[in-house]
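Structural features, examined
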Number of protein chains: 2
Amino acid sequence: MKKVTYSIIGAGNGGIAMAGYLSHIGYDVNLYNRTLENIQPLIEKPRIGLTGEIEGYGELNLATNNIKEAIEGTDIIMVTVPAMGHYNLAKAMAPYLEDGQIIVLNPGRTGGALEVYAAIKKDYPNKNIVVAEAQTFIYACRATSRTDAHIFKSKKEVSLAAIPANKTLDVINLLKPAYPQFIPARDVIETSINNYGAIFHPAPTLLNSGHIERGAPFEYYTEGITPSIGGFIERMDAERMALGRLLNINTLSAKDWLEETYGAKGDNLYEAVQNNPAYHGLQAPKGLNIRYIYEDVPYSLVPMSSLAKQFNIETPAIDSIIRIAELITGIDFYKEGRNIERLGLKGLQVNQIHEFAEKGSISEEREEGVVA
Amino acid sequence: MKKVTYSIIGAGNGGIAMAGYLSHIGYDVNLYNRTLENIQPLIEKPRIGLTGEIEGYGELNLATNNIKEAIEGTDIIMVTVPAMGHYNLAKAMAPYLEDGQIIVLNPGRTGGALEVYAAIKKDYPNKNIVVAEAQTFIYACRATSRTDAHIFKSKKEVSLAAIPANKTLDVINLLKPAYPQFIPARDVIETSINNYGAIFHPAPTLLNSGHIERGAPFEYYTEGITPSIGGFIERMDAERMALGRLLNINTLSAKDWLEETYGAKGDNLYEAVQNNPAYHGLQAPKGLNIRYIYEDVPYSLVPMSSLAKQFNIETPAIDSIIRIAELITGIDFYKEGRNIERLGLKGLQVNQIHEFAEKGSISEEREEGVVA
């Protein structure tokens, strides 16, 4: 079997690490970045140095800021850009996508694969492509320069699903030689609802706004999540799980997820956070102009809230955090974020949503289109 | 003219200072506290020591935990208990109130006089009493022991209004020899809407939840109110002012109020806060179990929000703070706080609200009661 070839889209922390690792272990890798300046050093010398869990270097096949060149002829397109970039990236790639290509969002946040799939299919309904999303990024890593990355730790298991979902195992099998950590989720609805960043990022950030904006140092998780804030995010998590139950997907509470992922136990979420050794020493961001707000509110909380509203599930804790983020930033995240219209799910019943995730289309007419 | 006699209700920071000052300058003063333990030292030796702006001591006429004894035969009943105590206090005093007595809430927060007046009139519709409220407490002060108070500073001007409003000047004239600072407001709707604690207390507290709950030291105003939090509370203040405009009352923005009260200027609220010398050094509370949440949310923000809803004014910033406070404390503040039902304002038009504040009753039938 021919070795698969990769495009990595985005030369940020994750993209550099992923491109470095895949080329290091012998894959043909193209690395794309939209801003020329950031990729220029790798265009001049396409070699990525790796430190940390993986030590060594990898030679890229190509480094470019031309999206057509970047994806041309590759098998798997690993997208590592923030969720705010997914839609525009999909539109930019769409004309050049080739039948059989697989796009993997690392991660999708909530509704990433749905949004990218819909954006491509809108203009190119006949292209035969698969869009998958991982539930979280596979590494804890940092780019240490434009040409080097440090990988602190690879995650042990990361669930992944594709649209159409009957391609999930194919995608996992193709990724397996490089990334045996990927395990299948039922579909992209499951990976979307099991987005724990939605729970751990915006609320502790906004409820510690003053110190984050002043740049006062504190440990984001262990100091920032006090008993009251822990209680608050447990309520948000309960809303997320209620939505998950309605959508018939498997989901763990954030507290149980901490135990499963990190072995961190506690009687409540606050205690589990305090007992998570992986959180100790992690400093809070300095400033509010961060992805915990600008990515996680519109691309994690808004799609959850928007889906919940469609099914008359109340999400007061999630909604109050969205609202405060909107008022602090002056952005209408609910309108600009991944609402059900943008995800192509408006008017769909639960079984139709899963059918869409399963097949990439639905057989029945949408309710909103039915004239009785 | 006979010198007026005072009852002071509540032997906390404000009550001790007020009772000490009034007795120091020669008034007959009864001091009441519900909890015997706290007033016991003054029952044993009814002498209050004063330091700070006023130095000296005052001899009380009576210290007691018996409400009947406390108010019997006095002219003015100065209430210094937190707003959470207003309703129960009104019910406890009601049977013993004498015609002509004046109750002054120091301060009323939002709707305090309306609530107390309604609570008394419900059971004793024929008692001839006046209920007034001050817009804020007249001193910055602290009780330094059960028998001593330190007065940092008296405010220069404090607006006050009575129900019925045609008694406002009478009340101010009676208070004037002791407190020349009181100036008349149009009515208790004006004092209620000009409650700046609603703006400065709950939002900065909740948006600094983590550090307050952990007891990490910071200056509440100058460090806690960052540019983003300043922007957020300006939006809350704009909602308060929109309500004020609808209710045809005079109100200053919180920014302009800082300039008028403290001479603190700035291009925006954040800057005015930073430029307010009176705020420098004021430390944040240590813990979330505080009046900034338990008093200001249900007794300041809830009545504003509830009134606004009745007139279809949107208050998204105020409401999001109420909601977060509810989710963090587990208390339904909207239901338990001073909503329009509890204030006796449900179904009233703007002119009827002012008529009620003016006369203590309304001549027209309430809209909700009208059968067409």
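In this numbering scheme, every chain counts its residues from 1 along its sequence in written order. Chain letters start at A and ligand numbers start at 1, both assigned in the order the entries are written. Reporting in this predicted model follows two pLDDT cut-offs: at least 70 for local features of residues, and 80 or more for side-chain atom pairs to be given and counted; totals over whole chains, interfaces and linings ignore these cut-offs and use all residues. Values reported for side chains reflect all heavy atoms of the structure, with hydrogen atoms and water molecules removed beforehand.

A word on the overall build of chain A
Put simply, DSSP H or I for four residues or longer makes a helix, DSSP E for two residues or longer makes a strand, and each gets a number counted from the N terminus. When you go through chain A residue by residue, the secondary structure sums to 19 helices and 12 strands. This radius of gyration counts C-alpha atoms alone. The globule rule is 2.2 Å times how many residues there are, raised to the power 0.38. Taken over C-alpha atoms, the radius of gyration comes to 20 Å for chain A, in line with the 21 Å a tight globule of 372 residues would show. Sequence separation of at least 24 residues holds for 70% of the intrachain contacts in chain A that already meet a minimum separation of 6. For chain A, the computed accessible surface area is about 14,700 Å², with 48% contributed by carbon and sulfur atoms. For the purpose of counting charges, residues Lys and Arg are taken to be positive, whereas Asp and Glu are taken to be negative. His and the chain ends are not included. For charged residues, the charge sits on one atom: NZ in Lys, CZ in Arg, CG in Asp, CD in Glu. Charged side chains in chain A number 35 positive and 44 negative. The centres of these two groups are separated by 2 Å. Here a residue-residue contact requires only that any non-hydrogen atoms of the pair lie within 4.5 Å. For the accessible areas, the method is Shrake-Rupley and the probe is 1.4 Å, while residue cover comes only from the protein chains on display.

Let's talk about the sheet that holds strand 2 (residues 29–32) of chain B
All names here are of chain B. Taken in spatial order, the 8 strands line up as 5-2-1-6-7-8-11-12 in an open sheet, and their pairing is mixed. Of all strands in the sheet, those bounded by a partner on one side alone are strand 5 (62–64) and strand 12 (182–184). The mean angle between the axes of side-by-side strands here comes to 25°, regardless of whether they run parallel or antiparallel. In this structure, strand 8 (residues 130–134) lies alongside strand 11 (residues 158–163), joined through 4 bridges in antiparallel fashion. The residue bridging Val131 from the neighbouring strand is Ile163, located in strand 11. All axes here are fitted lines through C-alpha atoms, helices being fitted over the stretch that makes contact, and every angle between N-to-C directions spans 0 to 180 degrees. Taken strand by strand, helix 4 (residues 86–93) contacts strand 1 (6–9), strand 6 (76–79) and strand 7 (102–105), and its axis lies near 155° from that of strand 6. Contacting strand 1, strand 6, strand 7, strand 8, strand 11 and strand 12, helix 6 (residues 168–175) crosses the sheet at an angle of about 130° to strand 11. In this analysis, strands are considered paired if DSSP registers two or more bridges between them.

Things to note about helix 4 of chain B
Residues and elements named next belong to chain B. Accessible area is worked out with a 1.4 Å probe on protein chains only. A residue is then buried under 20% of its type maximum, exposed over 50%, and partly exposed in between. Burial in helix 4 covers these residues: His86, Leu89, Ala90 and Met93. Looking straight down helix 4, one finds that the buried residues subtend no more than 105° of arc, so they occupy a single side. Looking at the buried positions of helix 4, the neighbouring elements they touch are strand 1, helix 3 (67–71), strand 6, strand 7 and helix 5 (112–123). The arc refers to the directions leading from the helix axis to the C-beta atoms.

Observations regarding the interface of chain A and chain B
Across the boundary between the two partners, chain A contributes 27 residues, which contact 27 residues of chain B. It is Leu207, His211 and Leu327 of chain A in chain A that bury the most area against chain B; as a group they hold 24% of the surface buried on that side. Any carboxyl oxygen of Asp or Glu that lies within 4 Å of a side-chain nitrogen of Lys or Arg is treated as forming a salt bridge with it. At the boundary of chain A with chain B, the tally comes to 2 salt bridges. Between Arg214 of chain A and Glu223 of chain B there is a salt bridge, and its shortest N-O distance comes to 3.4 Å. Under this definition, polar contacts are N or O atom pairs within 3.5 Å; protein pairs additionally need one hydrogen-donor-capable and one acceptor-capable atom, and for neighbouring residues in sequence, both atoms have to be side-chain atoms. Applying the counting criterion to the chain A and chain B interface returns 14 residue pairs in polar contact (both at pLDDT 80 or more). Elements represented by at least two residues in the side of chain A that touches chain B include exactly helix 10 (209–214), helix 11 (227–246) and helix 16 (316–329) of chain A. Top contributing element to the side of chain A that touches chain B by residue count: helix 16 of chain A, with 8 residues. Under the grouping applied here, Gly and all other residues not named as nonpolar or charged are polar, the nonpolar ones being Ala, Val, Leu, Ile, Met, Phe, Trp, Tyr, Cys and Pro and the charged ones Asp, Glu, Lys and Arg. Partitioning the side of chain A that touches chain B into residue classes produces 13 nonpolar, 9 polar and 5 charged. The quantity reported as buried area is the accessible area (1.4 Å probe) lost by two parts once they are put together, taken as the sum for both.

Some words on the pattern of salt bridges
All names here are of chain A. Counted according to the given criterion, the structure contains 30 salt bridges over all chains. Here Asp296 ties to Arg109 by a salt bridge, and the two come within 4.0 Å at their closest N and O atoms. With a gap of 187 residues between them, Asp296 in helix 15 (residues 296–310) and Arg109 in the loop between strand 7 (102–105) and helix 5 (112–123) connect regions that are remote in the sequence. Just as Asp296 is buried, Arg109 falls in that class too. Here Arg240 makes a salt bridge to Asp237, at a shortest N to O gap of 2.8 Å. With a gap of 3 residues between them, Arg240 and Asp237 both fall in helix 11, about one helical turn apart. You'll find Arg240 and Asp237 in the same group, each marked buried.

Brief notes about the relation of the copies chain A and chain B
With an RMSD of 0.1 Å, chain A superimposes on chain B once it is rotated by 180° and translated 0.0 Å along the axis. The transformation relating the two chain copies, once decomposed into turn and shift, fits a two-fold axis. Interface residue correspondence from chain A to chain B reaches 100%, placing this contact among same-surface, isologous pairings. When the copies are superposed, the least-squares fit draws on C-alpha atoms of residues that have pLDDT of at least 70 in both.

A short note on the side chain of Ser159 of chain A
Residue and element names in this part refer to chain A. If you trace the backbone, Ser159 turns up in strand 11 (residues 158–163). Exposure remark for Ser159: the relative accessible area of 14% places this residue in the buried category. Not counting residues within four places of it along the chain, the set of residues in contact with Ser159 comprises Glu133, Ala134, Gln135, Ile183, Ala185 and Thr191.

As for the nonpolar core
As used here, the term nonpolar core means buried Ala, Val, Leu, Ile, Met, Phe, Trp, Tyr and Cys residues forming a set that is joined through side-chain atoms within 4.5 Å. Judged by nonpolar contacts, the single largest core of 170 residues is most densely connected at Phe200, Phe232 and Met236 of chain A together with Phe200, Phe232, Met236 and Leu247 of chain B. What Met236 of chain A contacts, discounting residues up to four positions off in sequence, is Ala198, Ile199, Ala203, Leu301, Ala317, Ile318 and Ile321 of chain A.

Structural notes on the packing of aromatic side chains
Residue and element names in this part refer to chain A. A pair of aromatic rings is counted whenever rings of Phe, Tyr or Trp (Trp by its six-membered ring) have centres within 6.5 Å, and the orientation is called stacked for planes under 30 degrees apart, edge-to-face for over 60 and tilted otherwise. Going through the model one piece at a time under the given rule, you end up with 34 aromatic pairs over all chains. The interplanar angle of 55° and the centroid separation of 5.2 Å between the aromatic rings of Tyr220 and Tyr292 together place this pair among those described as tilted. Pair noted here: Tyr220 is in the loop between helix 10 and helix 11 and Tyr292 is in helix 14 (residues 291–294), with a separation of 72 residues, a long-range link. Here Tyr220 falls in the buried class, since its relative accessible area comes to 2%.

Details of the pairing of strand 3 (residues 47–52) of chain A
Residue and element names in this part refer to chain A. Of the strand pairs in this sheet, strand 3 and strand 4 (residues 56–59) are connected by 4 bridges, and their pairing is antiparallel. Bridge pairing in strand 4 places Gly49 opposite Tyr57. Connecting the antiparallel pair strand 3 and strand 4 is a turn made up of 3 residues.

A short note on the domain arrangement of chain A
Residue and element names in this part refer to chain A. For the domain bounds, the source is a domain assignment made automatically or taken from a database. Entries for chain A in the domain assignment read domain 1 (6–193) and domain 2 (197–338). When each unit is reduced to the centre of its C-alpha atoms, the spacing between domain 1 and domain 2 is 25 Å. Domain 1 puts 16 residues into the contact, and the matching count from domain 2 is 17 residues. Taking both partners together, domain 1 and domain 2 bury about 1,500 Å²; carbon and sulfur atoms supply 56% of that area. For domain 1, the biggest contributors to the area lost against domain 2 are Arg109, Thr110 and Ile193; these three give 45% of the whole. Inspection of the domain 1/domain 2 interface yields 3 salt bridges. Summed over the shared surface of domain 1 and domain 2, the result is 9 residue pairs in polar contact (both at pLDDT 80 or more). Elements represented by at least two residues in the side of domain 1 that touches domain 2 include exactly helix 5 and helix 7 (188–193).

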